[in-house]
Every structure is written in C-alpha cells, then in structure tokens.
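# Chains, contacts and geometry: an overview
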Amino acid sequence: MTTPRRADAARNRDRVLATARAAVAAGDPSLQHNDLARRAGIGVGTVYRHFPTRRALLEALADDGFAALLDAARAASRHADPATGVEILLRALLSRQLADPAFAEVIATDPAQDADPATTARRAELGALAHAVLDDARRAGALRADLTDDDLRHLVCGTAFALRIGDGPDERAERYLRVLLDGLRPGGQSG
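A brief report on the enclosed structure follows. (Residues numbered from 1 in each chain as written. Predicted model: local features only at pLDDT ≥ 70, side-chain atom pairs only at ≥ 80, totals over all residues. Heavy atoms only, no water.)

### Regarding the pattern of salt bridges
Let me state the cut-off plainly: For this document, the term salt bridge refers to a Lys or Arg side-chain nitrogen within 4 Å of an Asp or Glu carboxyl oxygen. Each helix corresponds to a stretch of at least 4 residues labelled H or I by DSSP, and each strand to a stretch of at least 2 residues labelled E; elements are numbered beginning at the N terminus. Burial classification: accessible surface area is computed with a 1.4 Å probe over protein chains only, and a residue below 20% of its type maximum counts as buried, one above 50% as exposed, and the rest as partly exposed.
All chains considered together, the criterion is met by 23 salt bridges. Of the charged contacts, one joins E87 and R178 as a salt bridge, the two residues approaching to 2.4 Å between their closest N and O atoms. With E87 in helix 5 (residues 82-99) and R178 in helix 9 (residues 169-184), this pair connects stretches of sequence that are 91 residues apart. Overall, E87 belongs to the partly exposed group, its relative accessible area being 21%. Judged by relative accessible area, which is 28%, R178 ranks as partly exposed. Of the charged contacts in the structure, one is a salt bridge between D114 and R123, with a shortest N-O distance of 2.9 Å. Of the two residues, D114 and R123, both sit in the buried class. Several salt bridges share partner residues, and in doing so they unite D135, D136, R138, R139 and D149 into one network.

Below is the structure:
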C-alpha cells in the first residue's frame, strides 16, 4: 500500500507536470530537469525526487493519453461490428499520438524502456484489448489475415509521423486514416 503524498509534495508534482506539459506543447520535448525546476519555481531536487529520469516524467505526462486510449479500446472491443471496432481503435490511437507528443514517444518505444511498472501494465492492457479487436476483425474477414498486431501498431505510428511532418495535420488526418483503413481490408478494397 502506498502512502498518500503530502499536500505540498502533490502540489509540487502537479506543478512540474503542468510546466512539462507547457514545455512540450510549446515544442520543447527535452524535459530538462533544471529548466523545468526554474520554470516551475521549485528546486531541481524536487523535480528529481518526483521524476528521477526524463523517461519517468514522460510516462507521467502520457498517463492521461493511456487512460483515454484504454477507454476507446474498451469501446472498440465491445462494438458489434468488428470493422467499426478496428476503426474506433485506430482512430483513437492516431488522434492520441497527434494530440499528445509525450504519449506518442512512449507508445513508439519498446516496453523494456518503461520506467514505471504502471506504464508497462497499461501497455499490456492496451495490447490485449487491441489484440481482441483485431482478432475479431480477422475472424469476420474484415481485416487482412497477413497483418500482425505489431504491423498495425507500426503503421499507425508511421501514419502519425507522416502527419506531423507537414502542414495541416488535422486536415490530412481523416484522409490518411481512410487510406490506412482501406489498405487493411482483405484485398485493400473499400467496403
């Protein structure tokens, strides 16, 4: 059982997270502890106490992204139409990666790099849900049988990367998702 954080420790942790979120949103994903401490108006030791590494801080920033994606994956796994379940899952994964750079970095890396066992557990839950959704679609003939779960994860990560390297990613996201979904169907045909 973990002991609750003192109120001031919780406030400091929240301040570091808010400062880190603002830095990432402003285009600075470096998450330098000294800089974050200065911006948050707290000591660098406090930052290190809560987040001993950049990776630990990155995973904390990705928590909300994992929670939202897990909710979407649960909804996708309950959907009556397997093809729609795949679309719900992939749309959520793509949009989460575009909206949340910290989440995108964490999800694109090997689980062996996880600093927090809770991140690994969330990853495992997401993997199990995604596998169920994709297996249902394969059994229903709505998904190419030759694509593995990892293939699909890599394709979505690659699509997110492609959207980030040009202007107007929001305008292109739906078109890219449609192309991806069309290519996942047996024969690559529109349905």
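### Things to note about helix 6 (residues 101-108)
Selection criterion: Residue contacts are counted whenever heavy atoms from the two residues lie within 4.5 Å of one another.
Looking at helix 6, one finds that the buried residues are A102, F103, A104, V106 and I107. The elements touched by buried residues of helix 6 are helix 4 (54-78), helix 5, helix 7 (117-139) and helix 8 (149-164).

### A word on unusual backbone geometry
You will see that L31, though not glycine, has its phi angle at about 50°, which is positive. Mapping L31 onto the fold places it in the loop between helix 1 (7-25) and helix 2 (33-40). Residue L31 is classed as buried on the basis of its relative accessible area of 3%.

### Digging into the packing of aromatic side chains
The test is simple: Side-chain rings of Phe, Tyr and Trp, where Trp is taken by its six-membered ring, are said to pair if the distance between their centres is within 6.5 Å; with planes under 30 degrees apart they count as stacked, over 60 as edge-to-face, and otherwise as tilted.
Summed over the entire model, instances satisfying the criterion amount to one aromatic pair. Ring geometry for F66 against F103: centres 5.0 Å apart, planes inclined by 75°, an arrangement best described as edge-to-face. Of this pair, F66 sits in helix 4 while F103 sits in helix 6; the two residues are 37 residues apart in sequence, bridging distant segments of the chain. Judged by relative accessible area, F66 falls into the buried class, the value being 1%. Accessibility expressed as a relative area gives 0% for F103, which makes it buried.

### Remarks on the environment of P101
Inspection of the secondary structure assignment puts P101 in helix 6. A relative accessible area of 43% means that P101 is categorised as partly exposed.

### Side note on the packing of helix 5 against helix 9
The cut-off we apply is this: Axis definition: a line fit to C-alpha positions, over the contact stretch in the case of helices; interaxial angles, taken between N-to-C directions, run 0 to 180 degrees. Between 65 and 115 degrees an angle is taken as roughly perpendicular, under 35 as roughly parallel, over 145 as roughly antiparallel, and anywhere else as oblique. Rotating anticlockwise by less than a right angle from the far helix to the near helix defines a left-handed crossing, while the corresponding clockwise rotation defines a right-handed one.
Axis separation between helix 5 and helix 9 bottoms out at 11 Å; the angle between their running directions is 140°. On the basis of their axis angle, the class for helix 5 and helix 9 is oblique. Judged by the twist between their axes, the crossing of helix 5 over helix 9 is right-handed. Contact with helix 5, carried on its side by V86, E87, L90, R91, L94 and L98, involves A173, E174, L177, R178, L180, L181 and L184 of helix 9 and no other residues of that element.

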